[in-house]
Amino acid sequence: MMERFRPTVLEVNLSALARNFSALAARLPAHTKTAAVVKADAYGLGAVPCAQTLLRHGADFLAVAIPEEGAELRQAGISAPILVLGAVSQEGAEAAVRWHLTQTVFEAATVAWLEAAASRAGREVDVHLKVDSGMGRIGVRGVAEAMAVCRAVQAAPHVRLTGVFTHFAASDAASLDFTRMQNARFQTVVEAVRAECPGILVHAANSATQLRCPELSYDMVRAGIAMYTRPDFPGMPDIGLGETVCWKTRAAYVKTIEAGESVGYGCAFTAEQPTRVMTLPVGYADGYHRAIGGRGWALVRGQRAPVIGRVCMDQAMLDVTGIPGAAEGDEVVLLGAQGRQTITPREMGAWCGMIDYEILLSPTGRVPRVYV
């Protein structure tokens, strides 16, 4: 690991992650399992430590997007079932077999790749059938296509169909009509597949569905964004979800500029009066987006300070005129809580025209993850 000389870090609170997971799991029927979605490096927070925490607190499955993410978890010693949610190439099918991953399938060709790899390895590989009920990305469309893939699996002695699932496209919308339509389509396929393969695992609910439509929990839910931050889905119940990250740094320099002086590229900010300017060692190379300049806030001594001028590649500036005593070395929170103030991923996303998912994924590899 590279030595760290800069105070800019992303603190990940694993206890808060565990509390969020437990709050979600407590709402489930007794028989329903949970797949913890740790794709994209656990939404940017670190797949291995997050996965280990979630498994200790009762997760039954892990879910990733690509085989490489599953291989990373296996290399860390994680033996729990891991579902690869996305499509794979022939090389990806080889990796799914090698790392004992459960692979999503929706075409006979993928089944053939998996059978060839598993046959050479002398082992079996599990697969889950993906149903496109209205998302329009990947998946079988209707009973006929589903049965064609099921027949391909039945003809592959080393491939086992152990699950069937879909993904809801609009479960975070004000109306749930589209979600219910998707579910009706999905049920039609499930009934046909279960007639051929009884006992398979059925799952459909993402975070929004789990919170808003618990009746669609089926045999397993896939918990994602709601484990990492408190989302803002319409009509969702308050179950005590909290924030898990605190992106912080320390002030590098504080100075006073006079009225008429400017700050940053393009002279985007010009002081109208004597102004205390605090410079931070963080910029858009760290994932602190340029769009935050002139729109966003940071927390200093428990108070909000506006981000002024344009965020630079490696530095950003605050107006701390109204914060008595603000000084070089002060802790500054960019995302998360300080005192009674909190900046959430949703709020930061509003400054940048982004969603909370994008904000969690924003801190780059230059920002060390610190686990507390």
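Conventions adopted
- Here, residues in each chain are numbered from 1, in the same order as that chain's written sequence.
- Local features in a predicted model are, by the rule used here, given only for residues with pLDDT of at least 70; side-chain atom pairs are given and counted only at 80 or more, and totals for whole chains, interfaces and linings are based on all residues.
- Each side-chain value is worked out from all heavy atoms of the structure, with water and hydrogens disregarded.
- Helix and strand labels come from DSSP, where a helix needs a run of H or I of at least four residues and a strand needs a run of E of at least two; each type is numbered from the N terminus.
- Only protein chains enter the accessibility calculation, which uses a 1.4 Å probe; a residue is then buried when its area is under 20% of its type maximum, exposed when over 50%, and partly exposed in between.
- Two residues form a contact once any of their heavy atoms are found within 4.5 Å.
- In this description, accessible areas are obtained by the Shrake-Rupley approach with a 1.4 Å probe, and a residue is regarded as covered only by the protein chains that are shown.
- Two strands are counted as paired when DSSP detects at least two bridges linking them.
- Axes, fitted as lines to C-alpha atoms, cover a helix only where it is in contact. Angles between the N-to-C directions of the axes lie from 0 to 180 degrees.
- UniProt positions are given in the numbering used here, feature names are shortened, and annotations may be inferred rather than shown by experiment.
- A pair is scored as a salt bridge if a Lys or Arg side-chain nitrogen falls within 4 Å of a carboxyl oxygen belonging to Asp or Glu.
- Any angle between 65 and 115 degrees counts as roughly perpendicular, while under 35 counts as roughly parallel, over 145 as roughly antiparallel, and the rest as oblique.
- It is the rotation of the near helix from the far one that decides the hand of a crossing: anticlockwise by less than a right angle makes it left-handed, clockwise makes it right-handed.
- Note on residue classes: Ala, Val, Leu, Ile, Met, Phe, Trp, Tyr, Cys and Pro are nonpolar, Asp, Glu, Lys and Arg are charged, and everything else, Gly too, is polar.
- Residue types Ala, Val, Leu, Ile, Met, Phe, Trp, Tyr and Cys, when buried and joined through side-chain atoms within 4.5 Å, form a set referred to as a nonpolar core.
- Crossovers are described as right-handed under a simple rule: with the strands pointing away from the observer, the path leading from the first strand over the helix to the second runs clockwise.
- Positive residues here are Lys and Arg, negative ones are Asp and Glu, while His and the chain termini are left out of the count.

A word on the overall build of the protein chain
Okay, so step 1: When helices and strands are counted, the protein chain shows 12 helices and 20 strands.
Okay, so step 2: With the C-alpha coordinates aligned to their principal axes, the bounding extent of the protein chain is approximately 80 × 45 × 35 Å.
Okay, so step 3: Expressed as a percentage of the 372 residues in the protein chain, the buried residues total 53%.
Okay, so step 4: Taking contacts inside the protein chain between residues at least 6 apart in sequence as the whole, the part at least 24 apart equals 67%.
Okay, so step 5: For the protein chain, the computed accessible surface area is about 15,900 Å², with 51% contributed by carbon and sulfur atoms.

A few points about the sheet that holds strand S3 (residues 61-64)
Sheet strands pair via backbone hydrogen bonds, and the direction of the pair is either parallel or antiparallel.
Okay, so step 1: Around the barrel, eight strands lie side by side as S2-S3-S4-S5-S6-S7-S8-S9; this closed barrel has parallel pairing. With strand direction ignored, the average angle separating the axes of adjacent strands in the sheet is 30°.
Okay, so step 2: Of the strand pairs in this sheet, strand S7 (residues 159-166) and strand S8 (residues 201-205) are connected by three bridges, and their pairing is parallel. Each bridged residue has a counterpart across the sheet, and for phenylalanine 165 the counterpart in S8 is histidine 203.

Here's the deal with the UniProt feature "domain: Alanine racemase C-terminal" (unreviewed entry) in the protein chain
Okay, so step 1: On the UniProt side, "domain: Alanine racemase C-terminal" (unreviewed entry) is annotated at positions that read residues 244-372 here.
Okay, so step 2: The span residues 244-372 carries 10% helix and 38% strand; its end-to-end C-alpha distance comes to 10 Å.

Overview of the UniProt feature "binding site: substrate" (unreviewed entry) in the protein chain
Okay, so step 1: Under the UniProt annotation, the feature "binding site: substrate" (unreviewed entry) is placed at Arg137 and Met313. Across 177 residues of sequence, these annotated residues are also dispersed in space, with a maximum C-alpha separation of 35.1 Å.
Okay, so step 2: Structurally, arginine 137 is set in the loop between strand S6 (125-131) and helix H7 (143-154).
Okay, so step 3: Residues contacting arginine 137, with those up to four places away along its chain left out, are Asp132 and His167.

Some remarks on the pattern of salt bridges
Oppositely charged side chains can pair when the atoms bearing their charge come close.
Okay, so step 1: The final tally for this structure, using the stated rule, is 14 salt bridges.
Okay, so step 2: Notably, a salt bridge pairs lysine 248 with glutamate 331, separated by 3.2 Å at the nearest N-O pair. One end of the pair, lysine 248, is in strand S10 (residues 245-250); the other, glutamate 331, is in strand S18 (residues 331-338), with 83 residues separating them in the sequence.
Okay, so step 3: Put simply, arginine 366 and aspartate 314 hold a salt bridge, and the shortest N to O gap is 2.9 Å. Taken as a pair, arginine 366 in the loop between helix H12 (356-360) and strand S20 (369-371) and aspartate 314 in the loop between strand S16 (303-308) and strand S17 (316-319) lie far apart in primary sequence, 52 residues in all.
Okay, so step 4: Shared partners join several salt bridges into a network, and the residues in it are Arg6, Asp286, Asp314 and Arg366.

With respect to the packing of H7 against helix H8 (residues 177-196)
Okay, so step 1: For the pair H7 and H8, interaxial distance at closest approach is 10 Å and the crossing angle is 25°. With respect to their mutual orientation, H7 and H8 come out roughly parallel. Between H7 and H8 the crossing geometry is right-handed. Contact residues: H7 offers Val143, Ala146, Met147, Cys150 and Gln154, while H8 offers Thr188, Val189, Ala192, Val193 and Glu196.
Okay, so step 2: Residues that form the contact of H7 with H8 fall into these classes: seven nonpolar, two polar and one charged.

Concerning the nonpolar core
Across soluble globular proteins, you tend to see nonpolar side chains buried next to one another.
Okay, so step 1: By size, the foremost hydrophobic cluster in this structure holds 116 residues, and its most contacted members are Leu73, Tyr228, Met278, Tyr288 and Leu318.
Okay, so step 2: Take this core: its biggest share by element is six residues, from H7.
Okay, so step 3: Not counting chain neighbours up to four residues away, the residues in contact with leucine 318 comprise Arg276, Val277, Met278, Leu280, Ala298, Val300, Ala305, Pro306, Val307, Ile308 and Val332.
Okay, so step 4: Counting residues in hydrophobic clusters, the runner-up holds eight residues, among them Ile257, Ile308, Cys312 and Met317.

A few points about the pairing of S3
Okay, so step 1: Across the two faces of S3 the burial is the same, with Phe61 and Ala63 and Leu62 and Val64 all buried.
Okay, so step 2: Across three bridges, the pairing between strand S2 (residues 33-37) and S3 is parallel. Residue pairing in the sheet places alanine 36 in a bridge with leucine 62 of S3.
Okay, so step 3: Bridge count between S3 and strand S4 (residues 82-84): three bridges; the pairing is parallel. Bridge pairing links valine 64 to valine 84 in S4.
Okay, so step 4: In this fold, S3 hands off to helix H4 (residues 67-75), which returns the chain to S4; that crossover is right-handed.

A look at the side chain of arginine 74
Okay, so step 1: You can see arginine 74 is positioned in helix H4.
Okay, so step 2: Of the side chains with opposite charge, aspartate 126 comes closest to the buried, unpaired arginine 74, at an N-O distance of 8.8 Å.
Okay, so step 3: Setting aside anything within four residues of it in sequence, one finds arginine 74 in contact with Ser79, Ala80, Pro81, Ile82, Trp99, His100 and Leu101.

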